[in-house]
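Observations on chain architecture
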Amino acid sequence: MGKQSEILQNLIDSFAKLPGIGKKSARRISYYLINSEMKVSEKLADAVIEAKKKLGLCMECHNLTEHKICDICGDDKRDGSSILVVENFSDLYMFEKLNIHKGLYHVIGGLISPLDGIVPSSLNLASLFLRVREKKVRELIIGLNHSVEGDTTALYISEKLKDSGINITRLATGIPIGGEIEFTDEVTLKQAFMERRIF
Amino acid sequence: MKLKKIGLTNFRNYGDLELEFDKNIICFTGLNGQGKTNIAEAVSVLGLLTSFRTGSYSEMIRFGEEGFFIKGEFFNSSGRDIEVVISYDGNIKKIMYQNKRITRFSEMWGKIPVVYLIPDESIITTGPPAARRDFCDRLISLTDSEYLQILNEYNSVIKQKNKVLSEMKAGISQSSELIAIYNSKIASAGSGIYIKRTEFIKNFLPYFVEIFDFISDGLYAGNIIYETIMDEKDYEKSLSVTLREQKIQEIKRGISVIGPHKDDLDFMINGRSLRKFGSKGQHKLFLVALKLAGTEYIKSVTDEYPIFVLDDLYSEIDEHKSLKVAKILDKDIQTFITTSNSRIIDQLDQNVSQLFRVDNGNCTAVF
């Protein structure tokens, strides 16, 4: 077998560095691009560069935006007294699709995990605390994962804001819709029982 | 739980092997290094998803091959067939339980209970506390998946906290607040662990005491005591107070030293500590009784006897004791035995047992 072109290898390696893409997929994408028309590659390259150039973070909530302030923060019909704390853009998008939260968001950009080098100061937490103090925030909804890292971050936030007098809530845990009790893990089932509601 | 059929492909020194079992005692005999233990290992991997010899699946691949494949057909006491297929291509593990892909070990943990007694396990009675905690943690989680979850959560909190402590010791960070948060989790999850461990000992002990008495010909009275520096009247409160008091100490040492991950089980024989005063023979006997009691404990909780794997029979049990062990296992417990000692052939009752001779990766049925 002959030696593979260095240019091709470079392309494959670049794709393989992306999250969720392994060596095999990187190779497939590379071959696809090379075999397809030039304009496919040009479009892709332009889209990446344009996004990198024009997209930035909202000064208020750290959501992705083309402006200084994102569309959500800039919308005066939204309730500024309620803030939903999320880990990243994709979680924000999930909630936004539901059209259930009428307030604002705060993207903290990760979860506290010293093992991965993520400590409170690596996250957008100082700006959150500032927002809560300076704006008239009445409710903070913690929309973080129910994992050790999510719990730690949630506890950290609530500890920091315990004297602020605002209402802090967290997403409930329990049996998923359509889920069967028999196949629900015991910790979740217990939690669902403890958090049961008047029916 | 019983295994009625096993298939191995490129597993250890087997290219292709398929065996069927229809008796309770399945014995593999042959010279050393021929592949007896490999079959015992495969049985335990099918049930526990981990090997008792290695932590790495790669080591189980046949020399020169790229991956292995093992398949087990089981049936439980209510007659339900259960199929487990494990394949490994040198990169990805694929575990199928009833044709459904298992993505987390905890999803299958305990579904096919296996208890094994293998050489080199003396660490449980002679070694550091971690070995005894591990023994009890494994048995509890085989029957209680909530325990496994609490334990995993607890362990990840400890890891995170250790990282912070080591950085604080090195003066890189000052995350005192994080320590307090981790401590509150350690106190709540830790007391959950304590409660389940002590409950386990309470339920496990009667089986152990009876079996230990029986196999020692009434010579030894056994006991197991949970050892902790916490106040057992209110473990959670005591743990949370101690964590607060020892915070500076923990930072100084750069590692977390308070919590149930430092507790121990004290094994007692005739009122004295086995670890300090036990003879080699007493240690061996204690371990055998622990393992046998494990089968009764699992049966009492799940109503299902585990499969028992006895690797290298006479290394842990002498011939006189082996008859006694056989009596304890003679309760519809499927037992896989390996031994290089051919005298076992005379001891086996052909009505209830199967014998296979293993020779350089070939396995032939004798009866």
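Residues numbered from 1 in each chain as written. Chains lettered and ligands numbered in written order. Predicted model: local features only at pLDDT ≥ 70, side-chain atom pairs only at ≥ 80, totals over all residues. Heavy atoms only, no water.

1. Here's the deal with helix α12 (residues 319-329) of chain B
All names here are of chain B. Restricting attention to buried positions, one finds in α12 the residues Lys-321, Ser-322, Lys-324, Val-325, Ile-328 and Leu-329. Projection of α12 onto a plane perpendicular to its axis shows the buried side chains occupying an angular sector of 160°, all on one side. Exposed residues on α12 whose side chains face more than 90 degrees from its buried face are Leu-323 and Lys-327. Buried residues along α12 sit against α6 (176-215), α10 (280-302), β12 (307-310), α11 (313-316), β13 (335-339) and α13 (344-347). One side-chain oxygen at the N-terminal end of α12 lies 3.2 Å from the backbone nitrogen of His-320; it belongs to Asp-318. (Buried < 20%, exposed > 50% of the residue type's maximum accessible area, 1.4 Å probe, protein only. Helix = DSSP H or I, 4+ residues; strand = E, 2+ residues; numbered from the N terminus. Arc of directions from axis to C-beta. Contact = heavy atoms within 4.5 Å. Polar contact = N/O pair within 3.5 Å; in protein donor to acceptor, adjacent residues only side chain to side chain.)

2. A closer look at unusual backbone geometry
Even without being a glycine, His-62 of chain A presents a positive backbone phi close to 70°. Here His-62 of chain A lies in the loop between β1 (56-57) and β2 (64-65). A residue is classified by how much of its surface remains accessible, and His-62 of chain A, at 15% relative accessible area, is buried. Positive phi values are uncommon outside glycine, yet Asn-10 of chain B reaches one of about 50°.

3. Regarding the domain arrangement of chain B
All names here are of chain B. Split into domains, chain B comes out as domain 1 (1-113 + 305-367) and domain 2 (122-303). Each of domain 1 and domain 2 was reduced to a C-alpha centroid, and the two centroids are 29 Å apart. Taken together, the contact pairs 21 residues of domain 1 with 19 residues of domain 2. In this assembly, domain 1 packs against domain 2 so that about 1900 Å² is buried in total across both faces, 68% of it on carbon and sulfur atoms. When the area that domain 1 buries against domain 2 is broken down by residue, the three leading residues are Trp-109, Tyr-305 and Ile-328, summing to 31%. The tally of links from domain 1 across to domain 2 stands at three salt bridges. A salt bridge links Glu-296 to Lys-331, with the nearest nitrogen and oxygen atoms 2.5 Å apart. Inspection of the domain 1/domain 2 interface yields seven residue pairs in polar contact (both at pLDDT 80 or more). Of all the secondary structure elements, the ones that give two or more residues to the side of domain 1 that touches domain 2 are α11 and α12. (Domains from an automatic or database assignment. Buried area = accessible area lost by both parts, 1.4 Å probe. Salt bridge = Lys/Arg side-chain N within 4 Å of Asp/Glu carboxyl O.)

4. Structural notes on the interface of chain A and chain B
Between chain A and chain B, the residue contacts involve 16 residues of the former and 17 residues of the latter. Taken as a group, Pro-114, Leu-115 and Val-148 of chain A account for 34% of the area that chain A buries against chain B, more than any other trio of residues on that side. Where chain A touches chain B, the interface holds three salt bridges. A salt bridge links Glu-146 of chain B to Lys-190 of chain A; the nearest nitrogen and oxygen atoms lie 2.9 Å apart.

5. A closer look at the pairing of strand β9 (residues 222-227) of chain B
Along a regular strand, successive side chains alternate from one face of the sheet to the other. Residue and element names in this part refer to chain B. Of the two faces of β9, only one is covered, namely that formed by Gly-222, Ile-224 and Tyr-226; the face formed by Asn-223, Ile-225 and Glu-227 stays uncovered. Alignment of β9 against strand β10 (residues 264-269), held across six bridges, turns out to be antiparallel. Pairing of Asn-223 across the sheet is with Met-268, part of β10. (Pairing = 2+ DSSP bridges.)

6. Things to note about the nonpolar core
With 139 residues, the main nonpolar core has Ile-157 of chain A together with Phe-28, Ile-86, Phe-204, Phe-208 and Leu-290 of chain B as its most contacted residues. Considering each element in turn, this core owes the most residues, 17 residues, to α6 of chain B. Contact partners of Phe-208 of chain B, with chain neighbours within four places excluded, come to Gly-222, Asn-223, Ile-224, Phe-286, Ala-289, Leu-290 and Ala-293 of chain B. Formed by 13 residues, the second largest nonpolar core is a distinct cluster that contains Cys-73, Leu-84, Leu-92 and Ile-141 of chain A. (Core = buried A, V, L, I, M, F, W, Y, C linked by side-chain atoms within 4.5 Å.)

7. Some words on the domain arrangement of chain A
Domain boundaries assigned for chain A yield domain 1 (6-54) and domain 2 (78-170). Placing a centre on the C-alpha atoms of domain 1 of chain A and another on those of domain 2 of chain A gives a separation of 34 Å.

8. Let's talk about the sheet that holds strand β3 (residues 79-86) of chain A
Residues and elements named next belong to chain A. Taken in spatial order, the four strands line up as β4-β3-β5-β6 in an open sheet, and their pairing is parallel. On the outer flanks of this sheet lie β4 (103-107) and β6 (167-170), each paired with one strand and no other. Sheet twist, expressed as the mean angle between neighbouring strand axes with direction ignored, is 25°. Two strands pair when backbone bridges link them, and β3 and β4 are joined in this way by five bridges, in the parallel orientation. Counterpart to Leu-84 in the pairing with β4 is Tyr-105. Contacts from helix α5 (residues 89-98) reach β3 and β4 within the one sheet, and its direction differs from that of β4 by about 160°. Sitting on the sheet, helix α6 (residues 126-134) touches β3, β4 and β5 (139-142), and the angle it makes with β4 is about 155°. (Axes fitted to C-alpha atoms, helices over the stretch in contact; angles between N-to-C directions.)

9. Regarding the packing of helix α5 (residues 145-169) of chain B against α6 of chain B
All names here are of chain B. The N-to-C vectors of α5 and α6 enclose an angle of 150°; their axes lie 9 Å apart at closest approach. The pairing of α5 with α6 is recorded here as roughly antiparallel in orientation. The two elements α5 and α6 cross, and the hand of that crossing is left-handed. Partitioned by chemical class, the residues of the contact of α5 with α6 number 15 nonpolar, four polar and six charged. (Parallel < 35°, antiparallel > 145°, perpendicular 65-115°, else oblique. Left-handed = near helix turned anticlockwise from the far one by under 90°. Nonpolar A, V, L, I, M, F, W, Y, C, P; charged D, E, K, R; others polar.)

10. A look at the pattern of salt bridges
Within the structure shown, the criterion is met by 30 salt bridges over all chains. Linking Glu-50 of chain A and Lys-54 of chain A is a salt bridge whose minimum nitrogen-to-oxygen distance equals 3.1 Å. A residue pair is termed a helical-turn pair when its members lie 3 or 4 positions apart in one helix, as Glu-50 of chain A and Lys-54 of chain A do in helix α3 (residues 38-54) at four residues. Connected via shared salt-bridge partners are Asp-151 and Arg-170 of chain A together with Glu-153 and Lys-185 of chain B.

11. Let's talk about the packing of aromatic side chains
Under the definition given, this model contains 20 aromatic pairs over all chains. With centroids separated by 4.7 Å and ring planes inclined at 50°, the aromatic side chains of Phe-208 of chain B and Phe-286 of chain B adopt a geometry described as tilted. With a gap of 78 residues between them, Phe-208 of chain B in helix α6 and Phe-286 of chain B in helix α10 connect regions that are remote in the sequence. For the pair Phe-208 of chain B and Phe-286 of chain B, one class covers both residues: buried. One residue, Arg-196 of chain A, lies across the ring of Phe-193 of chain A, its end atom 4.6 Å from the ring centre. Positioned over the ring face of Phe-277 of chain B is Arg-272 of chain B, at 4.2 Å from the centre of the ring. (Phe/Tyr/Trp six-rings, centres within 6.5 Å; stacked < 30°, edge-to-face > 60°. Lys NZ or Arg CZ within 6 Å of the ring centre and 35° of its normal.)

12. A short note on helix α7 (residues 235-245) of chain B
Residue and element names in this part refer to chain B. Buried residues of α7: Tyr-235, Ser-238, Leu-239, Thr-242 and Leu-243, and no others. The buried residues of α7 all sit within an arc of 135° when viewed along its axis, so they share a single face. α7 presents Lys-237, Arg-244 and Glu-245 as exposed residues on the side facing more than 90 degrees away from its buried surface.

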